[in-house]
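# Descriptive analysis of the structure
Spelled out, the chains give:
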Amino acid sequence: MLQVSEVDVSYGHFQVLSGVSLQVRDKELVTVIGSNGAGKTTLLSTIAGLLPPKRGEIRFMGKRIDGIPPYKVVEEGLVLVPEGRGNFSRLTVLENLELSAYTRRAKERKDETIEEVFNLFPILRERMHQKAGTLSGGEQQMLAIGRGLMARPKLLMLDEPSLGLAPKIVLQIFSILRRLKEEGITILLIEQNAHRALELADRAYLLETGRVAMQGRGEELLQDPRLRKLYLGI
Amino acid sequence: MIPSADTILQLIVQALLLGSIYVLMAVGLNVIYGVVKAINWAHGAFVMLGAYAAYWLYELYGISPYASAVFSAIALAAIGAFTHELLMKPFFGMRYFRAITLVVTYGLAILLINITRYMWTDVLRGVNLGVPPATIGAISISRPFLYGGLVAIALSILFYLMLKRTQIGRAARAVSESRKHAMLVGINPNVMSRFMVISGAAMAGVTGSLISTIFAVTPEMGSVLGIKAITIVILGGLGSYAGALIGGLMIGFAEASGTYFLGARYQPLLYFLTLLIVLSIKPTGIAGEE
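Residues numbered from 1 in each chain as written. Chains lettered and ligands numbered in written order. Predicted model: local features only at pLDDT ≥ 70, side-chain atom pairs only at ≥ 80, totals over all residues. Heavy atoms only, no water.

What follows is about the overall build of chain B. Along its length, chain B carries 11 helices and 2 strands. Along its sequence from the N terminus, chain B presents helices and strands in the succession α-α-α-α-β-β-α-α-α-α-α-α-α. By principal-axis analysis of the C-alpha atoms, chain B measures approximately 60 × 45 × 35 Å. A total of 290 residues make up chain B; the buried ones form 52% of that total. (Helix = DSSP H or I, 4+ residues; strand = E, 2+ residues; numbered from the N terminus. Buried < 20%, exposed > 50% of the residue type's maximum accessible area, 1.4 Å probe, protein only.)

Now the structure itself:
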């Protein structure tokens, strides 16, 4: 479904990603783990069209998408819930959700999707007329995921959805991710919470200083001694 | 001399109506700033062009300024599109975007004002509708103020509802908050900013039509109104709809009462004084966040 091949990305002279290849198949949950500064967010930003790759190519559903602007990538059905959540704080919860069904494909099923999102996150229904900026951290993250779903993604990319949340909320977010996966939504997840991400993932990639250092099935990586020591602290 | 209650009431209504026209002008400037983050210094010059369009169409063909406002809107929309493509878009993403666009649109203002001066000289012109004032109860209101104010109020409300209730309005507000996050929703921010600059310029055109029946139409009004529009949005808060409303009405009041009590000469003094006092208390403007 998504095929990233030999991608290089740099900020000025500073190379952030070198020869990164990765793929996500239909209905898979793939996670990319790695420490801060390994290039995880850069990777997702590049796939979403926010950054141009210097080399390599990105294909989605067989179509080349590197070099096309982010709003066109969204139309293809590839949706990013970015770092920092990307909600519009001056819009209400409902306005955020309605806005996020922006493409024609998503617009056709807007009412139905809003209902699904409210069932997934009942708290958003209670808060629907509140400005997004007044939500708590956990609610903001739920709104961000809800916005992602509003776009009717074929592939949903999530950038550290558990960042900065209380442990209880983190559990809740992961159970939602599990549910989305069971519903057959294809997900590319970036996480610093490596343990939970690996448990959930079908397959995983470890990113170290801009290179893929390891890849395999989630439970394989969980068993790897070096990874356990460096990233899981076991 | 202490004015009578009726005189004061009449003054207030007149000030509200004039203020409403200023609100429309400021809303036009603010919708551009809100999405593009550029202060359009040429906004007053746009209003002036709208006023000249109204004047000539009235003078040559006898078309009422309220009808030709549609033409002013379309003409200025075209100039707005040109301004967006050539004077704003090339600088998107640059570090000193706000400063660059301020200077560039200032240049555009000078250009437009001087072309107008070259073509039509500094002669004071104006649309004299020759209609008697409307009498409502004990007060009488000049009709240009009455009609102009009502049209301005209607358009301001209409545009406000568009921003609040429609998907395109939500998209504009989203781009205003973050171009990056708006793109991730599927919004093309360039399309939105073009749309808003065109809308803002069209509003300036309509403002010009309305004002042509109230003030003298001269090339110089372009710079006077430009400064007035910028004063209003800074007073109210840049990019804020409520700010344009409050600022526009305040300046309307300052002018109307200043003219009555002190004489027209002291008008600028009065509203710069208002600006000074407000900004020293709240530097971001009355309703401003930035």
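Don't stop here, the text continues.
This part is about the confidence of the model for chain B. Here chain B averages 91 in pLDDT, while 99% of its residues score no lower than 70. Mean pLDDT in chain B bottoms out at helix H11 (residues 267–281) of chain B, which sits at 82, and peaks at helix H2 (residues 43–61) of chain B, which reaches 97. (pLDDT = per-residue confidence, 0-100.)

Attention shifts here to the pairing of strand E2 (residues 14–24) of chain A. Residues and elements named next belong to chain A. Pairing of strand E1 (residues 2–11) with E2, which is carried by 7 bridges, proceeds in the antiparallel orientation. Opposite Tyr11, over in E2, you have Phe14 as the bridge partner. What sits between the antiparallel neighbours E1 and E2 is a turn of 2 residues, in which Gly12 has the positive phi angle 60 degrees. (Pairing = 2+ DSSP bridges.)

Residue and element names in this part refer to chain A. Partitioning chain A into domains gives domain 1 (1–77 + 154–170 + 187–234) and domain 2 (87–153). Between the C-alpha centres of domain 1 and domain 2 the distance comes to 24 Å. Taken together, the contact pairs 11 residues of domain 1 with 10 residues of domain 2. For the pair domain 1 and domain 2, the two sides together bury roughly 800 Å², of which 75% comes from carbon and sulfur. Put simply, domain 1 and domain 2 have 0 salt bridges between them. Linking domain 1 with domain 2 are 0 residue pairs in polar contact (both at pLDDT 80 or more), by the criterion used here. Mapped by element, the contributors of at least two residues to the side of domain 1 that touches domain 2 are helix H2 (70–75) and strand E7 (155–159). In terms of residues, the side of domain 1 that touches domain 2 owes the most to one element, E7, which gives 3 residues. (Domains from an automatic or database assignment. Contact = heavy atoms within 4.5 Å. Buried area = accessible area lost by both parts, 1.4 Å probe. Salt bridge = Lys/Arg side-chain N within 4 Å of Asp/Glu carboxyl O. Polar contact = N/O pair within 3.5 Å; in protein donor to acceptor, adjacent residues only side chain to side chain.)

Taken in spatial order, the 4 strands of this open sheet run E2-E1-E4-E5 (chain A), and their pairing is antiparallel. Strands with a single pairing partner mark the edges of an open sheet, and in this sheet they are E2 and strand E5 (63–64) of chain A.

Moving on: the nonpolar core. Ranked by size, the top nonpolar core spans 83 residues in total, and within it A:Leu99, B:Tyr22, B:Phe46, B:Phe159 and B:Ile187 carry the most contacts. Non-local contacts of A:Leu99, meaning those with residues more than four positions away in its chain, are made with A:Phe88, A:Leu91, B:Gln167, B:Arg170, B:Ala171, B:Ala174, B:Val185 and B:Ile187. If you look at the next biggest cluster of nonpolar residues, it comprises 49 residues, including A:Leu29, A:Phe121, A:Leu124 and A:Ala132. (Core = buried A, V, L, I, M, F, W, Y, C linked by side-chain atoms within 4.5 Å.)

With 21 residues of chain B at the contact, the number on the chain A side is 22 residues. For chain B, the biggest contributors to the area lost against chain A are B:Glu177, B:Leu184 and B:Val185; these three give 33% of the whole. For the pair chain B and chain A, the interface holds 2 salt bridges. A salt bridge links A:Glu98 to B:Arg170; the shortest N-O distance between them is 3.0 Å. On inspection of chain B and its partner chain A, the count reaches 7 residue pairs in polar contact (both at pLDDT 80 or more).

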